[in-house]
Amino acid sequence: MLELKLGSIDSKFNSTLQAYIFLRCFANPNLLFEILDLHFFLSYSGLDTVFISSNKIANFCCEPAGWVQTKSIHISCPKESASSKFLAPYTTFSRIHTKSVTCLDISSGGGLGVSSSSDGSMKIWQASNGELRRILEGHVFDVNCCRFFPSGLVVLSGGMDAQLKIWSAEDASCVVTFKGHKGGILDTAIVDRGRNVVSGSRDGTARLWDCGRSACLGVIADCDSSINGVAVGAADNSINLGSPEQMPSEREVGTESKMLLVAREDKKLQCLGLQSRQPVFLFIGSDAFNCCAFLSGFLLLAGTQDGNIYQLDVRSPRVPVQVIHRSGAPVLSLLSFRDGFIATQGDGSCFIVQQDLDYVIELTGPDCDSVYKVATWEKQIYTCCRDGLVRRYQLSDL
């Protein structure tokens, strides 16, 4: 790890140092740090130390070592108590889709990826190299969401044709089609091992489905606004989920003690008991909610169209635990990761926040193209982007 200070650059380097980094974590989100031909241009005077690790974001010449390629750069701003590590993609897959990649997921074993695109296609590919394995054909119009079941052998998808489909990852056959929504399906969630699934739609409903009988077990939420995101999580014992008004169907498996989180277009975040269908809370945000995720049995995250990430405690949801705002770009996806989370936004940013780290990890590459979704497997992180690329990052490169 090399440490660069403003006063020591000339003495350490006698050739060309090139680095272009957009610092999204500091007070000025548009701050540009540029080192070119030994000239140091810095529009933010508080930044006094730059750490460059020996891994490929910047190329620099340092005698006598010669050319070194880096994959991560650590930038610290002590005056603002801010610190970020910028991580470049380990590899990029450009041949999976021809247009924007709108959703992706990685199988539980890490071997396969599935993704959908604005070109109308949905494909299964080798996660290690992006090699195409299967094309899943059957939806009419765009496929909005896709994910693997916990087995890693089956895929769940939802499309603008208002259909929910289950596919075999082995032979690309569609084994189940659910019909009942009157608008495009925007998000899905899988309950436990996958006997039941949940879908959220533009028609304003969130529905619970029985995969074995291809039947709808009930409408969990019904509102006058599009449902942009759904999440299912196990509730802490201290949370009262209420009691169901009717005896639950024997076809409901794993719904007890579960919460359903609903991100709505009308600026409302709704939480209900999945089995009881009873309301837990209703929170009003600053703009339309695009996505949501559970961090634990009582903590959750939700992202809005105007760039806010709300962290709420289900036990006292009236006042957020914190509100994270890095830019006004829409928050497009949130994913629980280790003891923190990963967020993606419409301005191309994708960042990791973890409680045990005193810095934010920034995943670089998309520039200003929207990053629609993120998926993980062990120390590998995959993102899909408006520029049509799937990027894979290695946290070990840090």
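Fair warning: this is a prediction, and the values are worked out from it, not measured in the lab. (Residues numbered from 1 in each chain as written. Predicted model: local features only at pLDDT ≥ 70, side-chain atom pairs only at ≥ 80, totals over all residues. Heavy atoms only, no water.)

For the protein, the count of helices and strands is 1 helix and 37 strands. Across the 398 residues of the protein, 55% fall into the buried class. Taken as a whole, the protein presents about 17100 Å² of accessible surface, with 47% of it coming from carbon and sulfur. (Helix = DSSP H or I, 4+ residues; strand = E, 2+ residues; numbered from the N terminus. Buried < 20%, exposed > 50% of the residue type's maximum accessible area, 1.4 Å probe, protein only. Areas by Shrake-Rupley, 256 points an atom, 1.4 Å probe, with all protein chains shown as cover.)

What follows is about the environment of Ser238. With respect to the helices, strands and loops of the structure, Ser238 is situated in the loop between β23 (227-234) and β24 (258-264). Along the primary structure Ser238 and Phe298 are separated by 60 residues, whereas in three dimensions their C-alpha atoms are 8.7 Å apart. Looking at Ser238, its side chain comes within polar contact range of the side chain of Asp236, at 2.5 Å. (Polar contact = N/O pair within 3.5 Å; in protein donor to acceptor, adjacent residues only side chain to side chain.)

Another point: the confidence of the model for the protein. Mean pLDDT over the protein stands at 85; residues scoring 70 or higher make up 82%. In the predicted structure, residues 1-50 sits below a pLDDT of 50 and forms 117 contacts with residues beyond four places in sequence or in another chain. Of the regions scoring below 50 in pLDDT, residues 52-68 engages in 59 contacts with residues more than four places distant in sequence or in other chains. (pLDDT = per-residue confidence, 0-100. Contact = heavy atoms within 4.5 Å.)

Counting residues in each nonpolar core, the largest one holds 25 residues, and the members touching the most others are Val114, Leu136 and Val197. Listing elements by their share of this core, those giving two or more residues are β12 (112-117), β13 (122-126), β15 (143-148), β16 (154-159), β17 (164-168), β18 (174-178) and β19 (185-191). Top element by residues in this core is β15. It accounts for 4 residues. Those residues in contact with Leu136 that sit more than four places away from it in its chain are Val114, Met122, Ile124, Val155, Trp167, Ser168 and Ala172. (Core = buried A, V, L, I, M, F, W, Y, C linked by side-chain atoms within 4.5 Å.)

Another point: the sheet that holds β16. Ordered in space as β15-β16-β17-β18, the 4 strands form an open sheet in which the pairing is antiparallel. At either end of the open sheet lies a strand with only one pairing partner, and these are β15 and β18. The sheet shows a mean angle of 20 degrees between the axes of neighbouring strands, direction not considered. Judged from the 4 bridges that link them, β17 and β18 form a sheet pairing that is antiparallel. Paired with Trp167 across the two strands is Cys174, which belongs to β18. (Pairing = 2+ DSSP bridges. Axes fitted to C-alpha atoms, helices over the stretch in contact; angles between N-to-C directions.)

Across the chain, the bulk of peptide bonds are trans and the bulk of non-glycine residues have phi less than zero. In this structure, Ala162 is a non-glycine residue whose phi angle is positive, near 65 degrees. Secondary-structure assignment places Ala162 in the loop between β16 and β17. One non-glycine residue, Glu378, lies in positive phi territory at about 50 degrees.

Where strand β21 (residues 205-210) lies against strand β22 (residues 215-222), 6 bridges are found, and the strand directions are antiparallel. Opposite Arg207, over in β22, you have Val219 as the bridge partner. In textbook terms, the turn of a hairpin is the stretch between consecutive antiparallel strands, and for β21 and β22 this stretch comprises 4 residues, one of which, Ser214, has a positive phi near 55 degrees.

Here the focus is the pattern of salt bridges. According to the stated counting rule, one finds 9 salt bridges in the structure shown. Among the salt bridges present, the one from Asp313 reaches Arg315, with a minimum N-O distance of 2.8 Å. In this structure, Arg391 and Asp387 form a salt bridge, with 2.7 Å as the shortest nitrogen-oxygen distance. (Salt bridge = Lys/Arg side-chain N within 4 Å of Asp/Glu carboxyl O.)

If you trace the backbone, Gln380 turns up in strand β36 (residues 380-385). Within polar-contact distance, the side chain of Gln380 engages the side chain of Arg392 at 3.1 Å. Other than its neighbours up to four places away in sequence, Gln380 contacts Ala375, Arg392, Tyr393 and Gln394.

Further remarks concern the environment of Gly242. Mapped onto the elements of the fold, Gly242 is located in the loop between β23 and β24. For the pair Gly242 and Leu272, spaced 30 residues apart in sequence, the C-alpha to C-alpha distance is 9.0 Å. For Gly242, the residues in contact, after removing those within four places along its chain, are Ser276 and Gln278.

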